[in-house]
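Here's the letter readout for the chains.
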Amino acid sequence: MRWRRILLLAAMLPGLLTVRCVAASPVCSAQSVILMDGDSGRVLFEQNADEERLIASITKIMTALVALESGRALDEEVTVKREYTLTEGSSMYLKVGERVSLRALLYGLMLSSGNDAALALAGECAGSVDAFVERMNQRAAMLGMEHTHFANPNGLNDEAHYSTARDMAVLTREALKNPDFAAIAATRSITLGERTLVNHNKLLKLYEGAIGVKTGYTQLAGRTLVSAAVRNGQTLIAVTLNDPNDWADHAALLDYGFETFPKTRLCRAGKAAAQSAVLDGTGETVSIETDRDLWYPLKEGETVRAEWNIPQTVKAPISRGAAAGTLTFYKDGEVIGRCCLVFGADVPARPPESIWERILDFCGAF
């Protein structure tokens, strides 16, 4: 038989009851904006986050991710074709016929926002730009980016090329899981051969803990920016579309998120959560423990409900670390996290009684 026990997290974690200074909601000049917790995906602030808009060069987050997932070795060198250099806008200044590694193209894409690098990556990683763009749209569909469509790998204006602040935050959350992407996006500058590439993202210098990720601009799209920062082990992602004051807005958004929604521990690995009665074992009970740490961003006054689903009794033998149930956390009726519960000790089965022990027990009854 299984049973459930429900508690409010505030009763489990007194730290949640500590009064904190909560920052005022940010005022942002962007047409569309979102602030998301990178680990949990919780949206901490949004404004017109689902409006479809031109996104300019933040497109290149998807370009980099698809190129990195193509399976090509980053140190592989390719020959620059003439068609890669025939593009307008920002450039890493590729030269026809030169040999360049895919790694260098990715740095040129993300730091210099090279439209030529985008075409080169697309052509080399998929055989053609059109085939690469198809992969970009397939990847967007896999991520549930329902309000996104790509028409090119560089973000140049096109009526069929658009996204939303929410979709770009979802994409960035996925991209940052790729260690090569994360390393490139966080690089301030790098010298590769005769090229020195400098990151256009000023937040890497202006904001403590900034780890990327991409700037963008066209006259029609306006200034677009995706940023991410880490503080006290918490990652936040901010996206603004058509924002004339993006550097200041992103700093304010990130400050608001870190101050108002700090990363809060819901459960600790190895913490005893309950006990179950043991049948036919050398011990009468066995402890049940959480298998890992679980965190979630919470602001002052928010409560979380914790629900255990564990066996009331269990038959020996029992192995330490074996699955015992689940611990699920709810906020406002929605699941915000779940971890496994495991048995905290070995409990061997009780040895069977011998025939003489049974006879003596029987005789002792008279």
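Predicted model, so just to flag it, every value in this text is computed and none were measured.

Reading guide: rules and limits
- Residues numbered from 1 in each chain as written.
- Predicted model: local features only at pLDDT ≥ 70, side-chain atom pairs only at ≥ 80, totals over all residues.
- Heavy atoms only, no water.
- Helix = DSSP H or I, 4+ residues; strand = E, 2+ residues; numbered from the N terminus.
- Buried < 20%, exposed > 50% of the residue type's maximum accessible area, 1.4 Å probe, protein only.
- Contact = heavy atoms within 4.5 Å.
- Areas by Shrake-Rupley, 256 points an atom, 1.4 Å probe, with all protein chains shown as cover.
- Pairing = 2+ DSSP bridges.
- Axes fitted to C-alpha atoms, helices over the stretch in contact; angles between N-to-C directions.
- Salt bridge = Lys/Arg side-chain N within 4 Å of Asp/Glu carboxyl O.
- Phe/Tyr/Trp six-rings, centres within 6.5 Å; stacked < 30°, edge-to-face > 60°.
- Lys NZ or Arg CZ within 6 Å of the ring centre and 35° of its normal.
- Core = buried A, V, L, I, M, F, W, Y, C linked by side-chain atoms within 4.5 Å.
- Left-handed = near helix turned anticlockwise from the far one by under 90°.

**Student:** Before we go on, may I ask you to explain the overall build of the protein in this structure?
**Tutor:** The number of helices and strands found in the protein is eleven helices and 18 strands. Buried positions account for 50% of the 366 residues belonging to the protein. Looking at the protein alone, contacts between residues at least 24 apart form 65% of all its contacts between residues at least 6 apart. Looking at the protein as shown, the accessible area adds up to about 17500 Å², and 51% of this sits on carbon and sulfur atoms.

**Student:** Would you take a moment to explain the sheet that holds strand E10 (residues 234-241) for this structure?
**Tutor:** Picture the strands of a sheet paired through backbone hydrogen bonds; they go either parallel or antiparallel. Pairing is antiparallel across the open sheet formed by five strands, whose spatial order is E3-E2-E10-E9-E8. Edge strands, defined here as strands with exactly one partner in the open sheet, are strand E3 (43-47) and strand E8 (210-218). Averaged over all adjacent pairs, the angle separating strand axes in this sheet is 5°, with direction ignored.

**Student:** Got a minute to help me understand the pattern of salt bridges in this structure?
**Tutor:** According to the stated counting rule, one finds 19 salt bridges in the structure shown. Between Arg53 and Glu51 there is a salt bridge; the shortest N-O distance is 2.5 Å. On the basis of relative accessible area, Arg53 is assigned to the partly exposed category, the value being 22%. A relative accessible area of 33% places Glu51 in the partly exposed class. Here the salt bridges do not stand alone but share partners, grouping Arg42, Glu302, Lys331 and Asp332 into one network.

**Student:** Explain the packing of aromatic side chains to me, please; I cannot follow it from the model alone.
**Tutor:** Going through the model one piece at a time under the given rule, you end up with two aromatic pairs. A centroid spacing of 6.3 Å and a plane angle of 75° characterise the contact between Phe45 and Tyr256, whose relative ring orientation is edge-to-face. Taken together, the residues span a long stretch of sequence, with Phe45 in strand E3 and Tyr256 in helix H10 (residues 246-260) at a distance of 211 residues. Ring centres of Tyr256 and Phe261 lie 6.0 Å apart, and the angle between their planes is 70°; on these two criteria the pair is classed as edge-to-face. In this pair, the class of Tyr256 matches that of Phe261, namely buried. Chaining the aromatic ring pairs together yields one cluster made of Phe45, Tyr256 and Phe261. Over the ring of Trp295 we find Lys263, and its NZ or CZ is 5.0 Å from the ring centre. Sitting over the face of the ring of Tyr330, Arg305 holds its NZ or CZ atom 4.3 Å from the ring centroid.

**Student:** Sorry, what's going on with the nonpolar core here?
**Tutor:** In globular proteins that are soluble, nonpolar side chains generally tend to be buried together. Residues Ile61, Leu105, Leu106, Phe181 and Val239 are the most contacted members of the largest nonpolar core, which totals 58 residues. Those residues in contact with Val239 that sit more than four places away from it in its chain are Ser32, Val33, Ile34, Ala165, Met168, Ala169, Leu225, Val226 and His250. Core analysis: the second largest hydrophobic core is formed by 25 residues, Tyr296, Ile310, Leu327 and Val347 among them.

**Student:** Is there a simple way to explain the packing of helix H2 (residues 60-68) against helix H7 (residues 165-175) in this structure?
**Tutor:** Across the interface, H2 lies against H7 with an axial gap of 10 Å and an inter-helix angle of 35°. The chirality of how H2 crosses H7 is left-handed. Along its contact with H2, which presents Ile61, Met62 and Leu65, the element H7 presents Met168, Leu171, Thr172, Glu174 and Ala175.

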